[in-house]
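Residue-level structure breakdown
So the chains spell out like this:
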Amino acid sequence: MTTFNRSTSRRLKNLTQIPSVWEGDRRSLSSSLLEYDNSEEKGECILWVDGSQGIVRGMDIVSPDSGPEAIVRTLMRAMESPNSPGKPGRPQKIVVKDREIQFYLRGVLQDLDIAIDYVPNLPFIDELFRGFAEIVENQVPELPPKYAKLLNDKAFAIWNSVPWEFLEEQQILAIEINKWDIGTLYASVMGMLGIEYGILLYRSQESLKRFRDVVLRDGESQGLLEDAFLKQDCLFVTFEKTDASDDPEDDFYYDLAELPNSEIEPTFGNIHPLEGLRSVLYEEEAIAVFVALEALFRFFRDHRSQLNEYDFPSLNHRYRISLPEPVQKQKSVSVTVSTMPELADELEDMAINATDDSEDNLNLSDLPGQLTSLRDDLIPEDSFLSLGVITWDMLEYLRNDVKHYQPGKIKPVGDGLPVILIQTSRPKAKAIIEKIQESGGLKAICFNPGADVVDGTDYDLGLLQTQNSELFLFGEFLDSDPVHSEARKKWNQRCQKTKGFCGLIIARGLTGASRGNPQLKDMMALFEVQTLAPEDLGLGTLRLVEQMQPEQSS
């Protein structure tokens with residue numbers, strides 16, 4: 001048996017001995033509320049109370065697997081650091097109703113002059129647990145018990161259909177129900193960015209637009225974001241990791257989509273400007289969410305390939321959905337699901353305009369020739385970049401299939417066309433393409449040396465030159481990176497074979513299975529241009545300081 005070391009025994013024995021009797025017990029936390037969701041016991045409660053003073057001196061929730069040492073740890077805190085208004089001290093007597101606990105405590109506490117007795121009842125602790133039981137029994141469950149399993153099963157059906165792989169948040173689906181005081185719900189699918197996964201079911205377009213507008217305009221103001229979040233008017237189902245860490249930074253170490261279903265947990269709720277966030281669905285809300293999820297699941301099943309196309313198509317489908325039990329004598333309800341391409345375009349325009357408003361140019365007045373500015377506002381920071389090659393056969397397919405194509409006079413020589421691939425989300429890819437087109441098109445792809453004057457690091461800077469002579473930074477690569485060095489070596493060799501011709505591919509699909517490996521359907525634009533050597537640009541080494549300025553060579 002583990003016992004206190006001598007210094008601990010002396011410390012506890014120096015506490016004032018209180019002429020009182022403490023009750024101690026360890027009981028399972030269980031409730032009839034757990035029956036409908038197949039939950040296991042969530043823990044055991046250890047209590048130490050001073051019945052004569054009527055106060056709880058110490059309480060802990062522990063795992064059922066934890067050993068008898070747990071009850072001693074709680075007792076030590078009850079003696080040395082009791083809950084208010086208790087004061088440090090050790091009791092004259094302890095009573096318990098478990099023989100094993102009695103014998104264990106007698107062995108551990110034998111040097112502390114505390115009597116430890118067995119009693120059949122613990123009146124104060126019994127009264128506390130009766131109160132706990134009443135509170136739990138009167139709690140409103142998160143889901144109506146008769147719909148809980150149905151909703152959880154339907155949520156997992158949605159999860160397994162992975163709609164975030166082919167739908168972005170602004171690609172809204174209208175679900176026309178016209179029952180239970182709900183007209184049309186507007187579904188926004190979260191998950192393509194790989195951060196949060198779920199379905200938001202807005203009760204109005206106005207609420208959806210208002211929230212997105214605040215996020216785009218005031219995304220860096222935490223206070224405004226929290227206020228806008230609570231002013232949404234929607235039902236929701238989100239997906240979280242089972243037993244997630246309390247530390248939000250841990251969320252960055254995994255992508256929820258990569259976890260098995262056993263580690264995923266759906267959460268349902270409601271947000272309303274006057275109610276705020278409520279993680280409870282009442283019966284009519286539960287029925288409406290079940291019908292909406294069933295309709296979405298069927299729509300994803302029937303139209304997945306069409307929704308996966310480059311353009312958000314115009315689709316609608318009517319479904320007859322059986323209710324889990326007759327509601328107001330109705331056994332089924334007719335629901336229509338429709339895509340909303342015009343609303344999606346409007347929301348995309350909001351995002352693009354917000355990006356344009358926040359542009360930050362690095363203007364350099366002393367760049368040589370016709371080059372008037374170097375900008376870093378074209379390529380989003382979270383984009384996936386790669387230097388590679390596409391075969392001549394694939395190039396022909398791409399020329400015919402891609403929506404935005406800038407041709408060049410290229411002769412097929414070597415193993416293929418050297419290309420820069422930039423992969424980002426669909427709205428950001430669209431913004432890149434539009435900005436290049438507004439600048440007259442792409443003129444050249446360049447690499448130029450750069451240096452950080454603070455730490456002495458050397459860089460290989462990737463630059464895009466547009467027809468209006470602007471330069472855009474698309475990548476900063478360490479000269480010391482062996483992977484990039486090898487890629488640049490192959491890039492130069494291939495460009496020599498193609499007489500300087502190369503390409504820029506803009507692709508969507510930043511998250512999911514296509515990240516870093518976009519398929520033809522993900523490629524939105526191809527620009528065929530020439531590459532320029534650093535001496536052709538005549539910039540010298542660009543120094544990476546607050547503004548990039550060309551280093552004057554002597």
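1. Focus: the overall build of the protein
- In terms of helices and strands, the protein carries 13 helices and 25 strands.
- Taken across its 554 residues, the protein has 48% of its residues classed as buried.
- In the protein, 67% of the contacts between residues at least 6 apart in sequence involve partners at least 24 apart.
- For the protein, the accessible surface area stands at approximately 28,400 Å², while carbon and sulfur atoms represent 47% of it.

2. Observations regarding the sheet that holds strand S4 (residues 90–96)
- Pairing is mixed across the open sheet formed by five strands, whose spatial order is S3-S2-S1-S4-S5. Two strands lie at the open edges of the sheet, namely strand S3 (55–62) and strand S5 (115–118), each paired on one side alone. Pairwise comparison of adjacent strand axes, ignoring direction, gives a mean angle of 20 degrees for this sheet.
- Of the pairings in the sheet, the one linking S4 to S5 comprises four bridges and is parallel in character. The residue of S5 that forms the bridge with Val-95 is Asp-117.
- Along the sheet face, helix H3 (residues 99–108) touches strand S1 (17–28), strand S2 (44–50), S4 and S5 and points at about 165 degrees away from the line of S5.

3. Details of the pattern of salt bridges
- Under the counting rule described, the total for this entry stands at 30 salt bridges.
- We note a salt bridge from Lys-241 to Glu-263, for which the minimum N-O separation is 3.8 Å. Placement of Lys-241 in strand S9 (residues 234–241) and of Glu-263 in the loop between S9 and strand S10 (264–272) is noted, with a sequence separation of 22 residues between them.
- For Glu-263, a relative accessible area of 28% translates into the label partly exposed.
- Ionic pairing is found between Asp-415 and Arg-494, a salt bridge with its closest N-O pair at 3.5 Å. In this pair, Asp-415 sits in the loop between strand S17 (404–406) and strand S18 (417–423) while Arg-494 sits in helix H12 (residues 482–497), placing the two residues 79 residues apart along the sequence.
- Residues joined by salt bridges that share partners form a network here, namely Asp-25, Arg-27 and Asp-126.

4. Thoughts on the pairing of S4
- Of all seven residues making up S4, five are buried, and the element is well covered by its neighbours.
- Where S1 lies against S4, five bridges are found, and the strand directions are parallel. Along S4, the bridge assignment pairs Trp-22 with Ile-94.
- Viewed along the sheet, the connection from S4 through H3 into S5 turns out right-handed.

5. Quick look at the sheet that holds strand S8 (residues 197–202)
- What the eight strands build is an open sheet, ordered S11-S10-S9-S8-S7-S6-S13-S12; its pairing is antiparallel. Since the sheet does not close on itself, it has two edges, and those belong to strand S11 (276–278) and strand S12 (316–327), each with one partner. Neighbouring strand axes in the sheet, compared pairwise and without regard to direction, differ in orientation by 25 degrees on average.
- Here three bridges tie S10 to S11, and the two strands are oriented antiparallel to one another. Among the inter-strand pairings, His-272 is bridged to a residue of S11, identified as Gly-276.
- Sheet strands in contact with helix H8 (residues 283–307) are strand S6 (173–179), strand S7 (182–190), S8, S9, S10, S11, S12 and strand S13 (330–339), and its direction is about 150 degrees off that of S12.

6. Some remarks on the pairing of S18
- Of all seven residues making up S18, seven are buried, and the element is well covered by its neighbours.
- One ladder, built from seven bridges, connects strand S16 (residues 384–390) with S18; its direction is antiparallel. Bridge assignment links Gly-388 to a residue of S18, and that residue is Val-419.
- Pairing between S18 and strand S22 (residues 501–507): five bridges, direction parallel. Opposite Gln-423, over in S22, you have Ala-507 as the bridge partner.

7. Some thoughts on the packing of helix H2 (residues 69–80) against H3
- Where H2 contacts H3, the axes come no closer than 11 Å and their chain directions differ by 60 degrees. Between H2 and H3, the angle is such that the two are oblique. Between H2 and H3 the crossing geometry is right-handed. Between H2, through Glu-69, Ile-71 and Val-72, and H3, the contact on the second element is made entirely by Ile-101, Tyr-104, Leu-105 and Val-108.
- A breakdown of the residues in the contact of H2 with H3 according to their chemical character gives six nonpolar, no polar and one charged.

8. A short note on the environment of Ala-133
- Relative to the elements of secondary structure, Ala-133 occurs in helix H4 (residues 123–137).
- Placed 104 residues apart in sequence, Ala-133 and Leu-29 show a C-alpha to C-alpha distance of 9.3 Å.

9. Some details on the packing of aromatic side chains
- Within this structure, the stated rule accounts for ten aromatic pairs.
- Where Trp-159 meets Phe-239, the ring centres are 5.0 Å apart and the plane angle is 45 degrees; that geometry is what we call tilted. Here Trp-159, found in helix H5 (residues 145–160), pairs with Phe-239, found in strand S9; they are 80 residues apart in sequence, far enough to count as distant. Considered together, Trp-159 and Phe-239 belong to a single accessibility category, that of buried residues.
- With 5.9 Å between their ring centres and 75 degrees between their planes, Phe-447 and Phe-474 make a pair best called edge-to-face. Here Phe-447 is found in strand S19 (residues 442–451), whereas its partner Phe-474 is found in strand S21 (residues 471–478), with 27 residues between them in sequence. You'll find Phe-447 and Phe-474 in the same group, each marked buried.
- Following the ring pairs from residue to residue traces out a cluster consisting of Trp-159, Trp-164, Tyr-197 and Phe-239.
- The ring of Tyr-118 carries Arg-99 above its face, with NZ or CZ at 3.7 Å from the centroid.
- Geometry around Phe-447 places Arg-488 over its ring, the cationic atom sitting 4.2 Å from the centre.

Cut-off values and rules
- Along each chain, residue indices are assigned from 1 in the same order as the chain's sequence is written.
- The predicted origin of the model limits local features to residues at a pLDDT of at least 70 and limits the giving and counting of side-chain atom pairs to 80 or more, whereas totals for whole chains, interfaces and linings rest on all residues.
- Hydrogens are left out, water is left out, and the side-chain values use all remaining heavy atoms of the structure.
- A run of H or I in DSSP counts as a helix once it spans at least four residues, and a run of E counts as a strand once it spans at least two, with each numbered from the N terminus.
- Buried residues are those whose accessible area, probed at 1.4 Å on protein chains only, stays under 20% of the maximum for their type, while exposed residues exceed 50% and partly exposed ones sit between those limits.
- Whether two residues are in contact is decided by their heavy atoms: any pair within 4.5 Å suffices.
- Calculation of accessible area relied on Shrake-Rupley with a 1.4 Å probe; when residues are assessed, cover is drawn exclusively from the protein chains displayed.
- Whether two strands pair depends on DSSP finding at least two bridges between them.
- Working convention: axes come from line fits to C-alpha atoms, limited for helices to the stretch in contact. Angles between N-to-C directions cover 0 to 180 degrees.
- By definition, a salt bridge exists where a carboxyl oxygen of Asp or Glu is found within 4 Å of a side-chain nitrogen of Lys or Arg.
- For a crossover, the right-handed case is the one in which the path from the first strand over the helix to the second runs clockwise, viewed with the strands pointing away from the viewer.
- Oblique is the label for any angle not covered by the other classes, which are roughly parallel (under 35 degrees), roughly antiparallel (over 145) and roughly perpendicular (65 to 115).
- The crossing is said to be left-handed when, going from far helix to near helix, the turn is anticlockwise and less than a right angle, and right-handed when the turn is clockwise.
- Under the scheme applied here, ten amino acids are nonpolar (Ala, Val, Leu, Ile, Met, Phe, Trp, Tyr, Cys and Pro), four are charged (Asp, Glu, Lys and Arg), and all others, including Gly, are polar.
- Between rings of Phe, Tyr and Trp, where Trp is taken as its six-membered ring, a pair exists when centres lie within 6.5 Å; planes separated by under 30 degrees are stacked, by over 60 edge-to-face, and by other angles tilted.
- We call a charge positioned above a ring when the Lys NZ or Arg CZ atom is no farther than 6 Å from the ring centre and deviates by at most 35 degrees from the ring normal.

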